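Notes for the structure review
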Amino acid sequence: MEKKNIDWGNLGFGYQQTDYRFVSNYKNGAWDEGTLTTDANIVINECAGVLQYAQTVFEGMKAYTTEDGRTVVFRPDLNAERFENSARRLEMPVYDKDRFVEAVKKTVKANEAYVPPFGTGATLYIRPYMFGSSPVIGVKPAEEYQFRILTTPVGPYFKGGIKPLTIRVSDFDRAAPHGTGHIKAGLNYAMSLHAIVTAHEEGYDENMYLDAASRTYVEETGGANFLFVTKDGTVVTPKSNSILPSITRRSLMYVAEHYLGLKAEEREIPIEEVREFAECGLCGTAAVISPVGRVDYKGEQIVFPSGMSEMGPITRKLYETLTGIQMGRIEAPEGWLVEI
Ligand SMILES: *Cc1c(COP(=O)(O)O)cnc(C)c1O
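These remarks concern the structure in this document. (Residues numbered from 1 in each chain as written. Predicted model: local features only at pLDDT ≥ 70, side-chain atom pairs only at ≥ 80, totals over all residues. Heavy atoms only, no water.)

So, about the site of the ligand. Close to the ligand lie 15 residues, the nearest being K184, Y189, S246, T248 and T285. Contact distances for the ligand include 2.6 Å between a nitrogen atom and a side-chain N or O atom of E220. One of the backbone N or O atoms of I247 is found 2.9 Å from an oxygen atom in the ligand. Bound to the protein, the ligand loses 96% of the 380 Å² it would expose on its own. Grouping the constituent residues of the shell around the ligand by class yields four nonpolar, seven polar and four charged. (Near = heavy atom within 4 Å. Polar contact = N/O pair within 3.5 Å; in protein donor to acceptor, adjacent residues only side chain to side chain. Areas by Shrake-Rupley, 256 points an atom, 1.4 Å probe, with all protein chains shown as cover. Nonpolar A, V, L, I, M, F, W, Y, C, P; charged D, E, K, R; others polar.)

Structure (structure tokens):
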């Protein structure tokens, strides 16, 4: 496979059009076969459900080249499952899990020239999404939908080295109890934009959101889950119904327990406990783990013992083990790497 002539190592995280995308339409109660197209533009009615009432859900995953030259996708079955749950919550038709994985494979295969070579640190980001395409003016679900998968090559996350993040506890809420925080819907991001723009203006990398009901427990950031490490080496992650169940976080918890022999707990984490932790990281597909150096909360600066210049030792082990599994250097649990 001849790769595109791209300066892989210097790519950022931005949209760059690739040759093919997958598209399938839902009409009269059924999905069509779906097909690949070279047309990157979408024409929909001015009154489409997605435009009026934000009826849209998405997923994010990546394809990359392993050390031994295979093109793989990491755990797409879990994205397929989460996509189903997201669609159900917004009264959208489910796109069958097996067909979802097949469509992902087909789209990556068609764009294999854009899957960055091993060693560049770059990946091909995969974005499946679905939206209400038929006109809706009274508030109700659309009758027709489109499911698409686009891909775009993205650069290495930690360009120029790993630098721990500075974050703040936000005065805004991300997700209501019994709301939509647990699904991957565009609406959760639209309403987080003001909080992240103001955080950046004030010199922070990210917002830590607390539970909206009591403002007592740690939830997550706008787009990544938290992992903390206690001083005695236990890995803990917040438990809440309004957190988006990150596949990276679930994989890291498995790695902590089964590869590193650490204790791994999912439990409620009071904000008041944060200053007791030894390490903190944010997990998601893009970075795997980004270390957090400092959390600002009510005028207090909580600096983790791991400091502002490098990853904490356990965070690093987790990072190296999971990326080792992803790259084929360490044996993966059954089914984690799906070959294209
Ligand atoms: C996508 C997302 C994550 C990370 O999930 P991964 O499956 O690990 O990529 C975390 N939080 C939110 C709110 C997200 O949308």
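Together, Y53, I137 and V139 give the surface a local cluster of nonpolar side chains, amounting to about 350 Å² of exposed area. Along the polypeptide, Y53 turns up in helix α1 (residues 49-53). (Patch = residues over 30% accessible without salt bridge, like charges linked within 9 Å, V, L, I, M, F, W, Y side chains within 5 Å. Salt bridge = Lys/Arg side-chain N within 4 Å of Asp/Glu carboxyl O. Helix = DSSP H or I, 4+ residues; strand = E, 2+ residues; numbered from the N terminus.)

Looking now at helix α5 (residues 193-201). Among the residues of α5, A195, I196, T198 and A199 are the ones counted as buried. Considered in projection along α5, the buried side chains sweep an arc of 165° and stay on one side of the axis. With respect to the buried face of α5, the exposed residues turned more than 90 degrees away are H194 and E201. Those residues of α5 hidden inside the fold are in contact with β9 (165-169) and β10 (206-208). (Buried < 20%, exposed > 50% of the residue type's maximum accessible area, 1.4 Å probe, protein only. Arc of directions from axis to C-beta. Contact = heavy atoms within 4.5 Å.)

This brings us to the side chain of R21. Along the chain, R21 turns up in strand β1 (residues 21-27). Despite being buried, R21 has no salt bridge partner; D39 is the closest side chain of opposite charge, sitting 6.7 Å away. Within the structure, R21 has its side chain in polar contact with the backbone oxygen of T18 (distance 3.0 Å). In this view, R21 contacts Y15, T35, L36, T37, T38, D39, A40, T107, R148, I149 and L150; residues no more than four positions away in its chain are not counted. (Lys, Arg positive; Asp, Glu negative; His and termini not counted.)

All right, on to the pattern of salt bridges then. Pairs can form between side chains of opposite charge once their charged atoms are near each other. Overall, the coordinates contain 18 salt bridges when judged by the stated rule. One salt bridge connects R88 with E84, and the closest N-O pair in it is separated by 3.2 Å. Pair noted here: R88 and E84 are both in helix α2 (residues 76-89), with a separation of four residues, about one helical turn. On the accessibility criterion, R88 (48% relative accessible area) is partly exposed. What makes E84 buried here is its relative accessible area of 11%. Here K109 makes a salt bridge to E112, at a shortest N to O gap of 3.3 Å. For E112, a relative accessible area of 11% puts it in the buried group. Here the salt bridges share partners, and the residues they tie into one network are D68, R70 and E339.

Once that is clear, we can look at the environment of M92. Along the chain, the position of M92 falls in the loop between α2 and α3 (97-110). C-alpha separation for the pair M92 and R215, spaced 123 residues apart in sequence, amounts to 31 Å. Contact partners of M92, with chain neighbours within four places excluded, come to Q55, T56, V57, A87, M130, F131, G132 and Y145.

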